[in-house]
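Below, each chain spelled out in residue letters.
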Amino acid sequence: MTGNVRSMLVLALLAAPAHAKSPPALRGTHGMVASDNAIASQVGARILADGGDAADAAVATALVLGVVQPFASGIGGGGFAVVWRTDEKKGYALDFREVAPAGASKDMYLDAAGEVIPGASTRGPRAAGVPGEVAGLWALHQAHGRLPWAKVVEPALRLARDGFPAPALLAERARDKQAELAERPALAAVFLPRGEPIAEGATVKRPALAATLAAVAKGGAEAFYRGPVAKKLAAAIKADGGLITADDLAGYATKVRPVVETTWRGQRILSMPPPSSGGAVLIEVLRVLEGDDLDAMGHNSSAYIHRLAEALKHAFADRARVMGDPDFTPVPVDQLIGDAARDRVREAFDPAHTLARDAYGAPNGLPADGGTSHFSVIDRWGNAVALTTTVNTSFGSMYVAGATGVLMNDQMDDFVSKPGVPNAYGLVGRAANAIAPGKRPLSSMTPTIVLKDDKVVLVVGGSGGPTIITGTLQVLLNILAFDMDPLAAVQAPRIHHQWVPEVLLLESEIPMDVVDALKARGHQVKVVDRFNAVQAIEVDGAVMRGASDPSKLGAPAAAP
Ligand code: GLY
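Residues numbered from 1 in each chain as written. Predicted model: local features only at pLDDT ≥ 70, side-chain atom pairs only at ≥ 80, totals over all residues. Heavy atoms only, no water.

## Section: the pairing of strand β5 (residues 90–96)
Test applied: Summary of the burial criterion: residues with accessible area below 20% of their type's maximum are buried, those above 50% are exposed, and those between are partly exposed, where the area comes from a 1.4 Å probe applied to protein chains only. The way it works is that DSSP assigns letters per residue, a run of H or I at least four long becomes a helix, a run of E at least two long becomes a strand, and they are numbered from the N terminus. A pair of strands is treated as paired once DSSP finds two or more bridges between them.
With 5 of 7 residues buried, β5 lies mostly within the body of the structure. By the bridge criterion, 7 bridges tie strand β4 (residues 78–85) to β5 in an arrangement that is antiparallel. Looking at the pairing, Arg 85 lines up with Lys 90 of β5. The turn linking β4 back onto β5 is made up of 4 residues, and Lys 89 within it adopts a positive phi angle of 50°. Two strands pair when backbone bridges link them, and β5 and strand β8 (residues 255–257) are joined in this way by 3 bridges, in the antiparallel orientation. Note on β8: the bridge partner recorded for Ala 93 is Arg 257.

## So, the sheet that holds strand β9 (residues 260–264)
Quick reminder of the rule: The axes are straight lines fitted to the C-alpha atoms, using for helices just the contacting stretch, and the angles between their N-to-C directions are given from 0 to 180°. Contact definition: two residues touch when any of their heavy atoms are within 4.5 Å.
The strand order β2-β21-β20-β16-β15-β10-β9 describes an open sheet built from 7 strands, whose pairing is antiparallel. Pairing within the sheet leaves two strands with one partner each, and these edge strands are β2 (26–28) and β9. When the angles between neighbouring strand axes are averaged without regard to direction, this sheet yields 15°. Sheet topology places strand β16 (residues 455–463) next to strand β20 (residues 533–540); 6 bridges connect them, and they run antiparallel. When the bridges of β20 are listed, Leu 458 appears paired with Glu 538. Against the sheet, helix α12 (residues 278–289) touches β9, β10 (267–271) and β15 (448–452), its axis set at about 20° to β9. Packed onto the sheet, helix α17 (residues 467–480) meets β9, β10, β15, β16 and β20 and runs at close to 145° relative to β16.

## Some details on the packing of helix α14 (residues 302–322) against α17
How we decide: Every angle not falling under 35 degrees, over 145, or within 65 to 115 is termed oblique; those three ranges are roughly parallel, roughly antiparallel and roughly perpendicular. Left-handed describes a crossing whose near helix is turned anticlockwise from the far helix by less than a right angle; the clockwise case is right-handed. Residues were grouped as follows: Ala, Val, Leu, Ile, Met, Phe, Trp, Tyr, Cys and Pro as nonpolar; Asp, Glu, Lys and Arg as charged; and all remaining residues, including Gly, as polar.
For the pair α14 and α17, interaxial distance at closest approach is 12 Å and the crossing angle is 140°. On the basis of the axis angle, α14 is oblique to α17. Crossing angle aside, the handedness with which α14 passes α17 is right-handed. Listed contacts from α17 to Tyr 304, Leu 308, Leu 312 and Phe 316 of α14 are Ile 469, Thr 470, Leu 473, Gln 474 and Leu 477. In the contact of α14 with α17, the residues fall into 7 nonpolar, 2 polar and no charged.

## A look at helix α4 (residues 133–144)
Just so we agree on the cut-off: Here, expected helix span is obtained from the residue count minus one, scaled by 1.5 Å.
The first and last C-alpha atoms of α4 sit 17 Å apart over 12 residues, in line with the 16 Å expected at 1.5 Å per residue. Considered for burial, the residues of α4 that qualify are Glu 133, Val 134, Ala 135, Gly 136, Leu 137, Leu 140, His 141 and His 144. Where the residues of α4 are buried, they touch α3 (54–68), β4, β5, α5 (149–162), α9 (207–225) and β12 (384–392).

## Some remarks on the site of the ligand
Test applied: Nearness of a residue to a molecule or strand requires only that one of the residue's heavy atoms be within 4 Å of it. N or O atoms closer than or at 3.5 Å make up a polar contact, with two conditions inside protein: a donor-capable atom paired with an acceptor-capable one, and, for residues adjacent in sequence, both atoms drawn from side chains. All accessibility values rest on the Shrake-Rupley procedure with a 1.4 Å probe; residue burial counts only the protein chains present in the view.
Within the structure, the ligand sits among Arg 97, Thr 390, Asn 392, Gln 411, Asp 414, Ser 443, Ser 444 and Met 445. Within the side chain of Asn 392, an N or O atom sits 2.7 Å from a nitrogen atom of the ligand. A distance of 2.7 Å is found between an oxygen atom of the ligand and a side-chain nitrogen or oxygen belonging to Ser 443. In isolation the ligand offers 200 Å² of accessible surface; the protein chains occlude 98% of this area. Residue composition of the shell around the ligand, grouped by class: 1 nonpolar, 5 polar and 2 charged.

## What about helix α6 (residues 168–176)?
Listed in full, the buried residues belonging to α6 are Leu 169, Leu 170, Ala 171, Arg 173 and Ala 174. In this structure, the buried side of α6 is in contact with α3, β6 (164–165), α7 (178–182), α8 (185–191) and β7 (203–204).

Laid out in structure tokens, this is it:
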């Protein structure tokens, strides 16, 4: 990053503890990026300031995130974007999710006795799906880019080649995963210099990845999927016992899908359809809450949290029952977000008590924010991108594909290895999400855009496994139903329930009398620290207000 970039962009926040009281969200009028890393947000805002479209800024931000916070995203992963184009008054979903390689099979993570082999779907080259990140960013740029591709790739390339100061979160994740990183020389060389976790602020260089990014800057997606990078990736993965071949890479295709959508209190909510469960679960719950006087219940009162948790339990049970890749299995989204589902959930509600597990559906440790990153972008013309990108768990599969420097995802763990057996995020599922060649694993990522009269009023989404859905939902409700400033909305304590396991997670700042009142309704309660991170930009006329979740030490940036 040049001194110029640093000096001309506005930094919103210094790192602050979750939920700390703070000034209002960052304000801007010429475009904004809210990501979970300050450097990435600043790079995106610089691209906007240079005349870039929201899509240009999204590409640059995503690539920088993958360099500076590789535990949470990168070109070895994939993601989703919900896009709003202001001139065409058109929104769509871009799916660049990883797919299972042709050599994958339903029982590939089971032993001879039919039991799940611990770690098989989360570690090493066999845990990786065919990455979609470069194809997705290329597609976004091809459709809407105003600046040259090489220019939007350049900041990530420069940071990887010349070095960057280790963000505090990278230092923390390196400490957290020290033992596992130490067993992998390609990772240890970068993140455990002299055998010790990289210190915050120490210079990190990623020369192998820089060479790959240089090839991508020159040759675009073709270089990654069919050109020199593809050849190196396929050779390294084959040598290391993985399944992804040159044909798998050459065959990878992004998909443009219609958004899943509802009108809620006069505003249009556009979110991510299957193969993410995020949009459908979000909208199923919003519809259940639509008729309620949430203000009268009170934000984070026991009555409100109980109502929310009960709706979430139904929606997550529906997720486990029917959701998977819509190109392989019919997913009845209209039924999940329709009037019948809303009425069924409302009728089942008991204000005094939670229900037995099977009342929500026939049958998911609990997640920490793992290997995912969300950012929100709006440009001066009103175009918006909500983009969530992932390598799945922290540092993905922990497998670096040879000299490419590409840290591969472990997205195969988002499939159901065996019905009823929870994945790394405690989620269960059925045949709809079984492994099959070319299939996309079910996701929880929930990039979301809210419109009023065809103008963007909110760009929001988060990271944190299944808690992405609940985090995004609560921040959306905090802004739209409780009229909070985006930073207050992002900082307010959150809850999570995913039906199975039968545990209601409550952040520790929820008052004890509320905790007790929820226990009295039969909830098994666990008080925890923050488990997800949400980035939001609210737009009100010409004014943009953005917030990055302080818990992940991110910060938004505004184009000057
Ligand atoms: N890998 C996290 C998700 O897609 O939900």
